[in-house]
Amino acid sequence: MFTYQIKNPKEAFINFEIGEGEFAGKILKSNELQPCMDLTCSCGNIYFADEAEQVYALDVANNHIIKYTETEPLDSSKDNYLKALENEISGEQWGELNAFFKDLKGMASEVADADKIEANFVNYKKVLQESQMVSYFEILPWSFDFNIEVEGTVYWISDFYCVQPSCSCTSVLLLLSFSYDQEPSLEIWYDYKNQEVSMGQLDDKKMPVTKIIREIRYTQAEKFKHTLMNRHVRMTKFFNNFLKRNKINPTMKSPIIGGNEVGRNEPCPCGSGKKYKNCHGA
């Protein structure tokens, strides 16, 4: 048996009962289950403790149970107790736990104050020196899925943003896939300020490009403009706060590739296809 309800991230109710086997009747409730609420963490851990205060985690991202010891975390491949407990959680229950976790973390990611999220930018040097764009899901891995539906088919979107402090561009890179775990099949650039759409370098001819662009520019224009603009603002704030927190001074006014400054009439290194002076050099 599994039930859950989420009114907001602070009022999440969960009731999980194992129905069969050695642990039949064991019930884990809201006050016993503690999902990892670090919004920048990619783990799928829901923590709980037994009567002896031994800490465990239901890893809903990989469908297994972890036991935390003083030396190292153990998984079910190294512990018979964990294996027995794990085997009594059905595939359907794991799916429900995953849905609960995604709903909870997704809602929290959407409503959290951007200034209170300590995002980590591992490749910040490339962001500053090469105008490398950053994926929204790289920073908030459990945020709600972003997708577009065209004639009954849903395409999953991964959105990338320029967060360089000296840049005021409003172009977003969109990579479209048939599902979140597949390689992208289409690359599109979208300027949410001017609501202009242009093709990127990737197009494997598997998607209806014209119809997708029409949806972005017209049918779902407000959704895309609002969502991408808000995400861009948040991403920029995440990065600026990261620089301040780590006392990094973004002194470069233009990208440097291989030690050479990019010329104003050269293609912008961000990959937009525009001249540097009309993009990140504006």
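Residues numbered from 1 in each chain as written. Predicted model: local features only at pLDDT ≥ 70, side-chain atom pairs only at ≥ 80, totals over all residues. Heavy atoms only, no water.

**Student:** I tried to follow the overall build of the protein on my own but got confused; where do I start?
**Tutor:** Scanning the protein for helices and strands turns up 6 helices and 16 strands. Taken over 282 residues, the protein has a buried fraction of 43%. In the protein, 49% of the contacts between residues at least 6 apart in sequence involve partners at least 24 apart. With an accessible surface of roughly 15200 Å², the protein has 47% of that area assigned to carbon and sulfur atoms. (Helix = DSSP H or I, 4+ residues; strand = E, 2+ residues; numbered from the N terminus. Buried < 20%, exposed > 50% of the residue type's maximum accessible area, 1.4 Å probe, protein only. Contact = heavy atoms within 4.5 Å. Areas by Shrake-Rupley, 256 points an atom, 1.4 Å probe, with all protein chains shown as cover.)

**Student:** What's the story with the side chain of Ser-76 in this structure? I'm lost.
**Tutor:** Examined against the element boundaries, Ser-76 turns out to sit in the loop between β8 (73–75) and α1 (80–87). Given a relative accessible area of 12%, Ser-76 falls into the buried group. Polar side-chain contacts of Ser-76 include one of 3.0 Å to the side chain of Glu-86. Discounting residues that sit within four places of it in the chain, Ser-76 has contacts with His-64, Ile-65, Leu-82, Lys-83 and Glu-86. (Polar contact = N/O pair within 3.5 Å; in protein donor to acceptor, adjacent residues only side chain to side chain.)

**Student:** What is the right way to read the side chain of Glu-187 from this model?
**Tutor:** With respect to the helices and strands, the residue Glu-187 is situated in strand β13 (residues 186–191). The contacts of Glu-187, once residues within four sequence positions are left out, are Leu-173, Leu-174, Leu-175, Met-199, Gly-200, Gln-201 and Leu-202.

**Student:** Teacher, can you tell me more about the layout of surface pockets here?
**Tutor:** One way to see where empty space is left: roll a probe the size of a water molecule over the atoms. Size it by volume and the largest pocket reaches roughly 470 Å³. Lining the largest pocket are 18 residues, and of these Phe-137, Pro-141, Asp-145, Trp-156 and Tyr-180 sit closest to its centre. Taken together, the elements giving at least two residues each to the lining of the largest pocket come down to α2 (91–111), β11 (153–161) and β12 (171–177). Looking at the lining of the largest pocket residue by residue, the classes come out as 9 nonpolar, 6 polar and 3 charged. (1 Å grid on protein atoms, 1.4 Å probe; cavity = no way out; pocket = protein on both sides within 12 Å on 5 of 7 lines; lining within 4 Å. Points joined across faces, edges and corners; volume = space filled by probe spheres on them. Nonpolar A, V, L, I, M, F, W, Y, C, P; charged D, E, K, R; others polar.)

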